[in-house]
Amino acid sequence: MLFKAKPQKKGFFSRLKEGLSMTRDNIVGKLDRLVFGKKKIDAELLEELEELLITSDLGVKTVQKLIASVEDKVSRKLLNDASELKNTLKEDIYQILAGDEKPLEITKKPYLVMVIGINGVGKTTTIGKLASQLKAEGKSVLLAAGDTFRAAAIEQLEIWSKRADVGFIRQAQNSDPAAVIFDAIASAKSRGIDVIIADTAGRLHTKVNLMEELKKLFKIARRELGEDHIETLLVLDATTGQNAVSQVKIFHKEVGITGLVVTKLDGTAKGGVIVGIADEFKIPVRYIGIGEQIDDLRVFNAQDFVDALF
Amino acid sequence: MFDNLSDKLHGVFKKLKGHGKLTESNIKATLREVKLALLEADVNFKVVKSFIDEISQKALGEEVILSLTPAQQIIKIINEELIHIMGDEDSDLNLKAVPPVGIMLVGLQGSGKTTTCGKLANYLRKHGKSPLLVPADVYRPAAIEQLKTLGKQLDIPVFDSNIKQNPVKICKAAKDFALKNAYDVCIIDTAGRLHIDEKLMAELKSIKKKVGPTEVLFVADAMTGQEAVNIAKTFDDILDITGVILTKMDGDARGGAALSIKHITGKPIKFIGVGEKLNQLEKFHPDRMASQILGMGDMLSLIEKAQNVFDEKRAMALEKKIRKNQFTIGDFKDQLQQMMKLGSLESIVKMMPGVSKKMKNNAQDFKDGEKDIKKTIAIICSMTTEERNRCEILNGSRRKRIAKGSGTTVTDVNKVIKQYLETRKVMQKFSKLGIKGLSRLKRSL
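What counts and how
Residues numbered from 1 in each chain as written. Chains lettered and ligands numbered in written order. Predicted model: local features only at pLDDT ≥ 70, side-chain atom pairs only at ≥ 80, totals over all residues. Heavy atoms only, no water. Helix = DSSP H or I, 4+ residues; strand = E, 2+ residues; numbered from the N terminus. Pairing = 2+ DSSP bridges. Axes fitted to C-alpha atoms, helices over the stretch in contact; angles between N-to-C directions. Contact = heavy atoms within 4.5 Å. Expected span 1.5 Å × (residues − 1). Buried area = accessible area lost by both parts, 1.4 Å probe. Salt bridge = Lys/Arg side-chain N within 4 Å of Asp/Glu carboxyl O. Buried < 20%, exposed > 50% of the residue type's maximum accessible area, 1.4 Å probe, protein only. Right-handed = clockwise from strand over helix to strand, strands pointing away.

Asker: So what's going on with the environment of T69 of chain B? Residues and values would help.
Answerer: By the element assignment, T69 of chain B lies in the loop between helix 3 (45–59) and helix 4 (70–87). Each C-alpha atom, one on T69 of chain B and one on D240 of chain B, is 43 Å from the other, the two residues being 171 residues apart in sequence.

Asker: So what's going on with the sheet that holds strand 7 (residues 285–289) of chain A? Which residues, and what values?
Answerer: Through backbone hydrogen bonds, the strands of a sheet pair up, either in parallel or in antiparallel fashion. Residues and elements named next belong to chain A. In spatial order, the strands read 3-2-4-1-5-6-7-8; together these 8 strands make up an open sheet with mixed pairing. The open sheet has two free edges, formed respectively by strand 3 (167–169) and strand 8 (297–299), since each of these has just one partner strand. Neighbour-to-neighbour, the strand axes of this sheet turn through a mean angle of 25 degrees, independent of strand direction. Relative to strand 4 (residues 195–200), helix 6 (residues 123–136) is tilted by about 170 degrees, and along the sheet it contacts strand 1 (111–116), strand 2 (141–146), strand 4, strand 5 (230–237), strand 6 (259–263), strand 7 and strand 8.

Asker: Give a description of helix 10 (residues 243–255) of chain A that names residues and reports values.
Answerer: All names here are of chain A. Over its 13 residues, helix 10 runs 18 Å from end to end, which matches the ideal 18 Å to within 8%, given 1.5 Å per residue. Each element contacted by the buried residues of helix 10 is listed here: strand 1, helix 9 (208–225), strand 5, strand 6 and helix 11 (273–281). Just beyond helix 10, the residue with positive phi is G256, at close to 75 degrees.

Asker: Explain the interface of chain B and chain A to me, and be specific about the residues and the numbers.
Answerer: If you look at the interface, chain B gives 37 residues, while chain A gives 43 residues. Buried surface at the junction of chain B and chain A, summed over both partners, amounts to about 3400 Å²; 58% is from carbon and sulfur atoms. Considering only the surface of chain B that becomes buried against chain A, P141, M223 and E276 of chain B emerge as the three largest contributors, covering 18% of it. In this assembly, chain B and chain A are joined by 2 salt bridges. The residue D250 of chain B makes a salt bridge to K207 of chain A at a minimum N-O spacing of 2.5 Å. If one sorts the elements of the side of chain B that touches chain A by residue count, helix 6 (residues 143–154) of chain B sits on top with 5 residues.

Asker: Residue-level account of the pairing of strand 7 of chain A, with values.
Answerer: All names here are of chain A. Summarising burial for strand 7: 5 of the 5 residues are buried, a large majority. As paired strands, strand 6 and strand 7 are joined by 3 bridges and run parallel to one another. Bridging across to strand 7, V262 finds its partner in I288. Read from strand 6 through helix 11 to strand 7, the crossover connection turns out right-handed. Where strand 7 lies against strand 8, 3 bridges are found, and the strand directions are antiparallel. The residue of strand 8 that forms the bridge with I288 is R298.

Any functional reading would require information beyond the geometric quantities listed.
This is how it looks when you write it as structure tokens:
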């Protein structure tokens, strides 16, 4: 058997909740234990709360902001009871994330989705899942093997293109990725393809030369298609800590990110770093990855996310 | 000659003195800062807490070194402790077994196992081994091709497996193959998996049982956040890992995961991956990691400069010599050179907190002092070893030669010898105070 059998389809909520269950159990379990039997919100409780949020990778800065807001509400007597703490926090985090809830809309034809990120975050897997979903929506899809550097990256994408039954454009390993993108755009135009999804080599945001190479790809793409035909997705690994902020900052500065994908949320990692990123950059989160199956790539929904989190 | 200079320096140290011992109140603010720095570096919260608690328990009551403030002293202690925690164990690979020796790489998806396998094979070949790469990742599309491509690039053989095979069987067969073909190390690339995936974790366990590797290396992304502890702990609980390889160390992550993982598993960090090229695998350096995690490079280098020079060991050796009346001109030169190691006297004083502006501006005095020291060193360098050990043989003609050799005058040479004899006298006096007194003297020189 070539591929793992697909398990029975589950409802959206149950899969998301299941995927995020480790996260939920962790935070809620601790939060409920924290406030259990407590009436007053005191310094000690707030300190423990701070610890809880930090262990969810929310980051010192964001946590201090959230705690300050709770403290403010306590001092203005808007929040008195420890049991209300959970809802207040939930609401505060929702407010930060709500702005991020803008699903990807494919408005132009051909539309180019550039998938970028550091090494090992799950770019190729995300592309595979996204291609299958777009195909299922009735769109014609072409995958462009823009990672010409990593060994067997092209083969990996090719397998996904076969799984999703979509078109595939490649060149030899170590060839110029800009040429691959150029070919893919030309081919999509002549074949009337709806969406091109371009893989790119994983690169650390600190590597100046590789970032220059990436900029070149975008220059070609923008010249051939125009800015409004392009979605730039930065893929982030939920297991990553505060370095994700630096990744967003630098990729955004260099090529301009229009959407985020957060992968590997099916582990125990809490992905809390998104909250801080949403707060600072206001870049929409398009998808989250909660498993290895094709339909485990989910449109990001802030309310569901917060609900599943708490 | 040194009077002017040492007077000035003495004044500086006097200002910094009087902190006495580390107390809860004089380290509180610093500890909070360190705590935040560690959290921002992604060290796990619980690890930070227990680490800071331990440190403050240890540090309380410790005497503040004369040249440091309490804040600097506590950061020095923390830095040393970080280095100690992360690097005390032997980080060499254990290949002591009947070949073929197994090395297994395990970890989450995307941590960099396959690339690291290639790097490790390259590293072992450089050290005279003949490695065999074993692809046992049958799940990720094209993972086997990836390892085969890397093998081709390196010209290192890769065991022929395919995705229809069972990973446990692949590893067993690869070991038999290695035995027959005289490969002495099997490097096994396992599939990335979540630590909570019981089925796949069980698979790793049976590979380990079948192959009996000497090394089970946990490959971790240096950017991992708070979860690093849980992930590492689960892998260690199930597989009893033997070491850690940190990847993606060439990015700008502060790498707190290193401390978290070490703290929770107690297993040594053996290598770091510092690039995408196959020779970019390095031995782990705990001192570099410590300063990266702490993120206080400037402060640390100042502290290091201030105390490196007169460290206890050297002082002890010196004291012995003085006691035996063996303090030679050579030793005298060493002392001066150690002092020069601090950098220019001016720059050191500028770095020190609590030094008056007026003093900092007094650059000419420092420059003159430095010139004198340099001249003295030049003169001593022009002496033969015998002359350095037994200054009484320095007669007129020898002194003339030395002056010529160092580009100075006989008067200068005479001055240096007199200076040395005086220093020796003073030192002998102080040696009666014991080691503590001596190091105090040296520090406040």
